[in-house]
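So the chains spell out like this:
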Amino acid sequence: MPVDDWRTAYGALIAAVEAAVEGVPDLDLTAELITHRFTPGSKEVLLGWYPRTRLEMDEEARSRKRGKFGAVKYVYPASLMADLRTWFENEIARRLPTCRVLYWT
């Protein structure tokens with residue numbers, strides 16, 4: 001999620017992982033990079049469970065995407081997705097060079 005100062009926050013998280021796995025022999029590390037997305041139904045459920053949530057679920061700030069069966073979901077705009085993906089892939093490669101990124105979504 002692109003929260004305020006996300007590069008610093010996620011950079012600290014990746015640095016913590018780097019420190020935790022330092023010196024692990026034959027490290028087999030993978031990452032799955034998953035961005036926040038929501039459907040109208042999931043938004044309704046979340047707001048019912050957590051009515052005071054600060055989780056950003058503004059359809060106007062998102063891109064509308066259709067799944068393979070026509071369901072609508074809201075994702076981050078393409079330029080933001082590209083920025084997130086590039087940063088995460090570069091930072092993981094730099095700090096965790098043996099880590100395999102399995103997928104991005």
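Higher on the page you've got the structure.
Because the structure is predicted, anything quoted here is derived from the model rather than measured. Every chain is numbered on its own, with residues counted from 1 as its sequence reads. Reporting in this predicted model follows two pLDDT cut-offs: at least 70 for local features of residues, and 80 or more for side-chain atom pairs to be given and counted; totals over whole chains, interfaces and linings ignore these cut-offs and use all residues. As a rule here, side-chain values cover all heavy atoms of the structure and leave hydrogens and water aside.

Asker: I'd love a proper account of the overall build of the chain, names of residues and values included.
Answerer: Helix and strand definitions here come from DSSP, where helices need a minimum of 4 consecutive H or I residues and strands a minimum of 2 consecutive E residues; each element is numbered from the N-terminal end. Helix and strand counts for the chain come out as 3 helices and 4 strands. The order of helices and strands in the chain, counted from the N terminus, is α-β-α-β-β-α-β. The quantity called the radius of gyration is restricted to C-alpha atoms. Its globule counterpart is 2.2 Å times the number of residues to the power 0.38. Taken against the 2.2 N^0.38 rule, which gives 13 Å for 105 residues, the C-alpha radius of gyration of the chain at 16 Å runs more than 25% over that of a compact globule. When the backbone C-alpha atoms are referred to their principal axes, the chain occupies close to 45 × 30 × 25 Å.

Asker: Break down the side chain of Arg-62 for me, citing the residues and quoting the values.
Answerer: By the element assignment, Arg-62 lies in the loop between α2 (40-49) and β2 (63-66). Among the polar contacts listed, one links the side chain of Arg-62 to the side chain of His-36, at a separation of 2.8 Å. Polar side-chain contacts of Arg-62 include one of 2.9 Å to the side chain of Glu-56. Should any heavy atoms of two residues lie within 4.5 Å, those residues are considered in contact. Residues in contact with Arg-62, not counting those within four places in the same chain, are His-36, Arg-37, Phe-38, Glu-56, Tyr-74, Val-75, Tyr-76 and Pro-77. What qualifies as a polar contact is a pair of N or O atoms within 3.5 Å, subject to a donor-acceptor requirement within protein and to the restriction that residues adjacent in sequence count only when both atoms come from side chains.

Asker: Would you mind going over the pattern of salt bridges in detail, with residue names and values included?
Answerer: Every case where a carboxyl oxygen of Asp or Glu lies within 4 Å of a side-chain nitrogen of Lys or Arg is listed as a salt bridge. Per the counting criterion, the structure on display carries 8 salt bridges. With a closest N to O distance of 3.0 Å, Lys-43 and Glu-59 form a salt bridge. Taken together, the residues Lys-43 in helix α2 and Glu-59 in the loop between α2 and β2 connect sequence positions 16 residues apart. Each residue is assigned to one of three classes by its accessible area relative to the maximum for its type, calculated with a 1.4 Å probe on protein chains only: buried under 20%, partly exposed between the two thresholds, exposed over 50%. Lys-43 gets classed as buried once you look at its relative accessible area, which sits at 18%. Within this structure, Glu-18, Glu-91, Arg-94 and Arg-95 form a network of salt bridges that share partners.

Asker: Could you give an account of helix α3 (residues 78-95), naming the residues involved and the relevant values?
Answerer: Across its 18 residues, α3 extends 26 Å between first and last C-alpha, which sits within 8% of the 26 Å expected from 1.5 Å per residue. Of all the residues in α3, the buried ones are Met-81, Leu-84, Trp-87, Phe-88, Glu-91 and Ile-92. Seen along its axis, α3 keeps its buried residues to an arc of 140°; they face one direction. α3 presents Ala-78, Ser-79, Asn-90 and Arg-94 as exposed residues on the side facing more than 90 degrees away from its buried surface. One less than the number of residues in a helix, times 1.5 Å, gives the span that helix is expected to have. Starting at the helix axis, one direction is taken to each C-beta atom, and the arc is that of these directions.

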